[in-house]
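Listed below are the residues making up each chain.
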Amino acid sequence: MDLGIAGKRALVTASSKGLGRGCAEALAAAGVNLVLNARGAEALERTAEDIRSTHGVEVTAVAADIVDEAGRARVLEAAGQVDILVTNAGGPPPGFWQDWEREDFIKALDANMLAPIALIKAQLPGMIEAGWGRVVNITSASVRSPIAQLGLSNSARAGLTGYVAGTARQVARHGVTINNLLPGSHDTDRIKSLTQATAERDGLSFDDAARQRNAANPTGRIGTAEEFGNTCAFICSQHAGFLVGQNILLDGGAFNATT
Ligand code: NAP
């Protein structure tokens with residue numbers, strides 16, 4: 001399917017690896033020029049070069065912490081006005097409710113609520129003026145079905161979800177869509193560290209914890225960054241202009257509900 005977005009320009013934050021990279025790859029395959037970002041310059045440059053040579057699109061790489069105000073300003077300056085914004089950042093650590101203090105919540109809110117809101121706010125005026133724009137926020141399946149040990153993530157992402165629900169409906173008439181893409185378990189470094197934490201908590205080997213995790217999913221496996229990225233690219237496509245303010249769950253059917 002021609003997504004109809006060749007030649008457009010996208011900013012994908014936190015995208016040297018994992019789901020952010022999956023989104024960047026799929027957009028590049030559709031002919032979209034990219035601004036990529038991560039903190040670690042080496043992996044970021046490698047990813048940027050891989051994408052350039054595979055897809056022949058322009059790729060600008062900005063090594064910066066997207067949660068930090070100065071880092072975010074550098075990314076936004078390098079990006080200028082884009083047509084497509086995919087927001088992402090690392091997720092907060094797992095833990096227990098009694099251990100989380102105010103500063104832990106502030107860190108989680110900064111990373112997974114206020115950073116994406118700042119990026120959206122910076123890009124919306126230009127998108128509205130152009131009469132076209134796509135924003136996709138990578139959030140989490142925990143928005144639909146909270147994960148007990150990820151209370152910091154559950155809390156911060158709930159805030160972003162509320163913001164998007166209202167804002168998406170304020171800007172839709174200008175041809176700008178904002179949606180959230182909710183990953184269940186996907187094969188990335190993040191899921192490896194969460195599986196390791198589960199293994200340690202339950203006294204299992206990593207492989208046994210991974211087997212149990214996979215067996216619990218209706219598909220018997222976890223998702224890939226490629227599948228995730230292709231879904232993101234479709235949401236950013238010309239075909240998805242009527243998709244507004246949605247929380248799209250990509251979890252292999254793990255969340256058991258009729259609607
Ligand atoms: P990942 O494999 O750990 O990759 C994270 C990427 O983000 C890396 O490129 C990392 O590079 C970059 N990054 C992290 N923090 C950053 C920051 N402050 N500024 C700029 N770049 C940053 O993670 P993932 O699995 O793709 O997860 C992406 C998001 O989806 C996370 O918020 C995660 O909580 C959420 N999620 C993932 C899953 C899953 O199963 N994978 C499920 C639910 C939710 P640097 O470290 O070099 O900065």
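Residues numbered from 1 in each chain as written. Predicted model: local features only at pLDDT ≥ 70, side-chain atom pairs only at ≥ 80, totals over all residues. Heavy atoms only, no water.

Here we come to unusual backbone geometry. Positive phi, close to 50 degrees, is recorded for A14, a residue that is not glycine. Along the chain, the position of A14 falls in the loop between strand 1 (9-12) and helix 1 (18-29). (Helix = DSSP H or I, 4+ residues; strand = E, 2+ residues; numbered from the N terminus.)

This next bit is on the sheet that holds strand 5 (residues 133-138). Read from one edge of the open sheet, seven strands run 3-2-1-4-5-6-7, paired in parallel fashion. Of all the strands in the sheet, just strand 3 (59-63) and strand 7 (247-250) have a single pairing partner and so form its edges. The mean angle between the axes of side-by-side strands here comes to 15 degrees, regardless of whether they run parallel or antiparallel. Here strand 2 (residues 33-38) runs beside strand 3; their pairing, made up of five bridges, is parallel. Its bridge partner being in strand 3, L34 is matched across the sheet by V59. Packed onto the sheet, helix 2 (residues 41-55) meets strand 2 and strand 3 and runs at close to 175 degrees relative to strand 3. Its contacts with the sheet put helix 4 (residues 102-130) on strand 1, strand 4 (84-87), strand 5 and strand 6 (176-183), and the angle it makes with strand 4 is roughly 175 degrees. (Pairing = 2+ DSSP bridges. Axes fitted to C-alpha atoms, helices over the stretch in contact; angles between N-to-C directions. Contact = heavy atoms within 4.5 Å.)

Further remarks concern the packing of helix 4 against helix 5 (residues 151-171). Between helix 4 and helix 5, the shortest axis-to-axis distance is 8 Å and the interhelical angle comes to 15 degrees. The orientation of helix 4 with respect to helix 5, classified from their angle, is roughly parallel. Seen from above, helix 4 lies across helix 5 with right-handed handedness. From helix 4, D104, F105, A108, L109, N112, M113, P116, I117, I120, L124 and I128 reach across to helix 5, where they touch L152, S155, A156, R157, G159, L160, Y163, T167 and V171. Partitioned by chemical class, the residues of the contact of helix 4 with helix 5 number 14 nonpolar, four polar and two charged. (Parallel < 35°, antiparallel > 145°, perpendicular 65-115°, else oblique. Left-handed = near helix turned anticlockwise from the far one by under 90°. Nonpolar A, V, L, I, M, F, W, Y, C, P; charged D, E, K, R; others polar.)

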